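# Observations on the three-dimensional arrangement
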Amino acid sequence: MKLIGSIASPYVRKVRVVLAEKKLDCEFVTEDVWASQTTIAESNPLGKVPCLIMEASEAMYDSRVIVEYLDTLSPVGKLIPAVGRERAEVKTWEAMADGVLDAAILARLEATWAGRTKAQRSPAWIERQLGKVRATVKAMGQGLGDQPYCVGIYLSLADIAVGVALGYIDFRFPEIDWRTDNPNLLKLYDKLMLRASFADTRPV
Ligand code: GSF
């Protein structure tokens, strides 16, 4: 298997953390999807990473599909419950965390994408997206409460997705202080960052 992605992409990081937690071997091929000479569309018509290339060269995307597939490849460290309410809970946490990323990235592109002029950038749009980021982080803190992990008492994809989302906020929006009002999220985050899977995939 080959994973196409970039070190800065949080969706790619989610996949890389899952690969490490599942102890799965996978070649990592870096690709700058914003560069004019990118060939990502040959693998993913959406022109996005992560994209997983499997043995017979079929491509798989997006990150949610990839992590779900990876979790089936090995019984080591099951990250997504097979059925039922707990499964839906884990997937809802992932949807919240990915939604934070989607909103944060929309805000960042609105502010920085080179294809837009200064006059075309909308501060109201940026604020709308950052409002979603703040509201969802607050909901995550409330949802976590005083539990050791987001769902149940073991690490799951829910924690990985949340750790990646908070890490992305720190990376691209260091001015957003999510720590002060969410000491429980901070405790979870600090615990996750001690894991090799997170420590080895820090965005730069
Ligand atoms: C999002 C992938 C994505 O937007 C997933 O895999 O979960 N829902 C998808 N990837 C970005 C890189 S990043 O911002 O992490 C990407 O490839 N963007 C290129 C583009 O043209 O939008």
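The paragraphs below set out a description of the structure included in this document. (Residues numbered from 1 in each chain as written. Predicted model: local features only at pLDDT ≥ 70, side-chain atom pairs only at ≥ 80, totals over all residues. Heavy atoms only, no water.)

Paired through their backbone hydrogen bonds, the strands of a sheet run either parallel or antiparallel. Pairing in this open sheet of four strands is mixed, and the strands run 2-1-3-4 from one edge to the other. With partners counted over all chains shown, the strands left at the sheet margins are strand 2 (27-30) and strand 4 (59-60), one partner each. The sheet contact formed by strand 1 (residues 2-5) and strand 2 spans four bridges and is parallel. Following the sheet pairing, Lys 2 is matched in strand 2 by Glu 27. Sheet strands touched by helix 1 (residues 10-21): strand 1 and strand 2. Its angle to strand 1, the strand with the most contacts, is close to 155°. Contacting strand 3 (51-53) and strand 4, helix 2 (residues 63-73) runs over the sheet at an angle of about 45° to strand 3. (Pairing = 2+ DSSP bridges. Helix = DSSP H or I, 4+ residues; strand = E, 2+ residues; numbered from the N terminus. Contact = heavy atoms within 4.5 Å. Axes fitted to C-alpha atoms, helices over the stretch in contact; angles between N-to-C directions.)

So, about the site of the ligand. Neighbouring the ligand are Ser 9, Pro 10, Tyr 11, Val 33, Trp 34, Gly 47, Lys 48, Val 49, Pro 50, Asp 62, Ser 63 and Ile 105. Between the ligand and Asp 62, the relevant distance is 3.0 Å, taken from a nitrogen atom to a side-chain nitrogen or oxygen of the residue. One of the side-chain nitrogen or oxygen atoms of Ser 63 is found 2.5 Å away from an oxygen atom of the ligand. Of the residues belonging to the shell around the ligand, the class tally is seven nonpolar, three polar and two charged. (Near = heavy atom within 4 Å. Polar contact = N/O pair within 3.5 Å; in protein donor to acceptor, adjacent residues only side chain to side chain. Nonpolar A, V, L, I, M, F, W, Y, C, P; charged D, E, K, R; others polar.)

Okay, helix 4 (residues 123-144) next. A rise of 1.5 Å per residue sets the reference length of helix 4, with its 22 residues, at 32 Å; its end C-alpha atoms lie 31 Å apart and thus fit the reference within 8%. Every buried residue of helix 4 is listed here: Gln 129, Leu 130, Val 133, Val 137, Met 140, Gly 141 and Leu 144. Down the axis of helix 4, the buried set is contained in an arc of 120°. They therefore lie on one face. Exposed residues lying more than 90 degrees from the buried face of helix 4 are Ala 124, Arg 128, Lys 138 and Gln 142. Looking at the buried positions of helix 4, the neighbouring elements they touch are helix 3 (84-112), helix 5 (157-172) and helix 6 (183-193). One or two positions beyond helix 4, positive phi appears at Gly 145, with a value near 55°. (Expected span 1.5 Å × (residues − 1). Buried < 20%, exposed > 50% of the residue type's maximum accessible area, 1.4 Å probe, protein only. Arc of directions from axis to C-beta.)

Looking now at the pattern of salt bridges. Between side chains of opposite charge, a pair can form as their charged atoms come close. In the structure shown here, the tally under the stated rule is twelve salt bridges. Put simply, Lys 91 and Glu 68 hold a salt bridge, and the shortest N to O gap is 2.7 Å. With Lys 91 in helix 3 and Glu 68 in helix 2, this residue pair connects regions lying 23 residues apart in the sequence. The partner of Arg 85 in a salt bridge is Glu 89, with the nearest N and O atoms 3.9 Å apart. Taken together, the positions of Arg 85 and Glu 89, both in helix 3 and four residues apart, correspond to about one turn of that helix. Residue classification places Arg 85 among the exposed residues on the basis of a relative accessible area of 68%. (Salt bridge = Lys/Arg side-chain N within 4 Å of Asp/Glu carboxyl O.)

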